[in-house]
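Observations on chain architecture
Below, each chain spelled out in residue letters.
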Amino acid sequence: MNDAVSITRDLVRCPSVTPADAGALGVLENLLKAAGFEVHRVTFGEPGTADIDNLYARIGDSAPHISFAGHTDVVPAGDEAAWSHGAFSGEVRDGFLYGRGAVDMKGGIACSLAAVLQYLADHGGKPKGSISFLITGDEEDISVNGTIKLLQWVAARGEKLDHCVLGEPSNVEVLGDCIKVGRRGSQSGTLVVDGVQGHVAYPHRAANPVPDISRLIVALSEEPLDHGSAQFQASNLEFTSVDVGNTASNVIPAQARAKFNIRFNDNHNHETLRALVDERLAKACGNRIRARIEWQPSNSNVFVTKPGAFTDLAVSAIEEVTGRKPELSTSGGTSDARFISSYCPVIEFGLVGQTMHQVDERTAVSDLEKLTKIYRGVLDRYFA
Ligand SMILES: [Zn+2]
């Protein structure tokens, strides 16, 4: 059967806890091949990580090209005995489909596939442009052998994505309340203050980094990085630890360190943000305190898909099915959209996230049906 409920159930029955595939991509491959897609199964790996199966499938060879992205891997079931119905059963009870991945995000993938199959059946088996699926088995864990490499692989074949819908569970309370159109960037660092070690009884012969790091922490925390932007809340620098590593009570330590993380909006990128914080640190140090920041490498840049024709057609498809006008949100944690955004505009819209990663993860069957209609509405508008 090609409906969203059957496809979700078939996917949930594959216990594809990262890095295992457990047959999940095969479920999609069979349906996609039968519908005329050219299907590629690509395995990526690198030293120290597990090899991961990925799938890229496309039908059509002209523009515009819309891609549905997602991940078939899931987090572990946790205490399986605590589930009301088997964690990998895909059982439907009282209008809900139960199982790990039901909302995050096998249900979302199933709805997009069901919508595409319907669309093709109604249009002689061919889209007016191209439709693809970009599906990875490596999102929930370290995310190194998945979407980031699959996008490079697709680009190396000379293929270009024009727009992408990522079916992560974007809704907070009810279907239709939220489209994610961006995410804040993340940058971590360690503040290091050098002093001079010495005996506490002779402080004039030492330089104590402890009071100095306290002053610097206050200085860097207090001054706002910005006041937000059109689509984002204000950026925030948060200290998370202070470490001296001193076991003696009569020794002034030689060095103090403090870790912090910054969640930043589109007023910054990694380079300008680091320069801003380095400059504020230099000012706070004057020519007395010796301090520096060790910046950590980060692949989590800020991105935003500006409101326009693409977000409008999604909003309109959602409104038609749910009667709700979704908020265009940039809140929350990170997802593979951060990688996709380097290639094309991307929005995230899927099921309701309430039970994701919990015991008894489940989705309303009616939500699977509505989400399929919404994706179908997106396709109709996209190729109109
Ligand atoms: Zn997810």
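Everything below is about the structure shown above.
It should be emphasised that the depicted structure is a prediction, and the values quoted were computed from it without experimental measurement.

Concerning the overall build of the protein chain
Broken down by element type, the protein chain carries 9 helices and 19 strands. Along the first, second and third principal axes, the C-alpha set of the protein chain runs to 85 × 45 × 40 Å. Taken over 384 residues, the protein chain has a buried fraction of 53%. Summarising the internal contacts of the protein chain: among those between residues at least 6 apart in sequence, 79% fall at separations of at least 24.

Thoughts on the sheet that holds strand 5 (residues 96-98)
In space, the 3 strands of this open sheet follow the order 4-5-19, with antiparallel pairing throughout. Each edge of the sheet is formed by a strand with only one pairing partner; in this case those strands are strand 4 (92-93) and strand 19 (362-364). Pairing analysis gives 2 bridges linking strand 4 to strand 5, with the strands arranged antiparallel. Each bridged residue has a counterpart across the sheet, and for Arg-93 the counterpart in strand 5 is Phe-96.

Observations regarding helix 9 (residues 365-382)
Across its 18 residues, helix 9 extends 26 Å between first and last C-alpha, which sits within 8% of the 26 Å expected from 1.5 Å per residue. Within helix 9 the residues assigned to the buried category are Val-365, Asp-367, Leu-368, Leu-371, Thr-372, Ile-374, Tyr-375, Arg-376, Gly-377, Val-378, Leu-379 and Tyr-382.

Quick notes on the nonpolar core
By size, the foremost hydrophobic cluster in this structure holds 76 residues, and its most contacted members are Leu-28, Leu-32, Phe-37, Ile-66, Ile-131, Phe-133 and Leu-379. With 13 residues, the single largest contributor to this core is helix 3 (residues 102-122). Dropping the residues within four chain positions of it, Phe-37 is found in contact with Leu-32, Ala-57, Arg-58, Ile-59, Val-116, Leu-120, Ile-131, Ser-132 and Phe-133. Counting 23 residues, the second largest nonpolar core, distinct from the first, contains Val-193, Ala-258, Val-277 and Ile-293.

Let's talk about helix 5 (residues 209-222)
With 14 residues, helix 5 extends 20 Å from end C-alpha to end C-alpha; this agrees with the ideal 20 Å at 1.5 Å per step. Inspection of helix 5 places Pro-209, Asp-212, Ile-213, Leu-216, Ile-217 and Leu-220 among the buried residues, and these make up the whole buried set. When helix 5 is viewed along its axis, its buried side chains cluster within an angular range of 140° and face the same direction. Elements in contact with the buried residues of helix 5: strand 10 (185-194), strand 12 (236-243), strand 13 (251-252), strand 14 (255-264), helix 6 (270-285) and strand 15 (290-295).

A word on the coordination of the zinc ion
Listed as protein donors to the zinc ion are His-71 (NE2), Asp-104 (OD), Glu-168 (OE) and Glu-168 (OE); their distances from the metal cover 1.9 to 2.7 Å. Note that the zinc ion binds 4 donor atoms; their angles at the metal cover 51 to 142°, and the shape is irregular. Of note, the zinc ion draws all its donor residues from one chain, in the sequence arrangement H-x32-D-x63-E. With His-71 in strand 3 (residues 65-71) and Glu-168 in the loop between strand 7 (163-166) and strand 8 (178-180), the pair connects residues that are 97 residues apart, well separated along the chain. Assessed through its relative accessible area of 1%, His-71 is described here as buried. Classification of Glu-168 as buried rests on a relative accessible area of 8%.

Conventions adopted
- Residues numbered from 1 in each chain as written.
- Predicted model: local features only at pLDDT ≥ 70, side-chain atom pairs only at ≥ 80, totals over all residues.
- Heavy atoms only, no water.
- Helix = DSSP H or I, 4+ residues; strand = E, 2+ residues; numbered from the N terminus.
- Buried < 20%, exposed > 50% of the residue type's maximum accessible area, 1.4 Å probe, protein only.
- Contact = heavy atoms within 4.5 Å.
- Pairing = 2+ DSSP bridges.
- Expected span 1.5 Å × (residues − 1).
- Core = buried A, V, L, I, M, F, W, Y, C linked by side-chain atoms within 4.5 Å.
- Arc of directions from axis to C-beta.
- Donors = N, O, S within 2.8 Å, 3.2 Å for Na, K, Ca; no water.
- Tetrahedral: all angles 85-135°; square planar, octahedral: opposite > 155°, others 65-115°.

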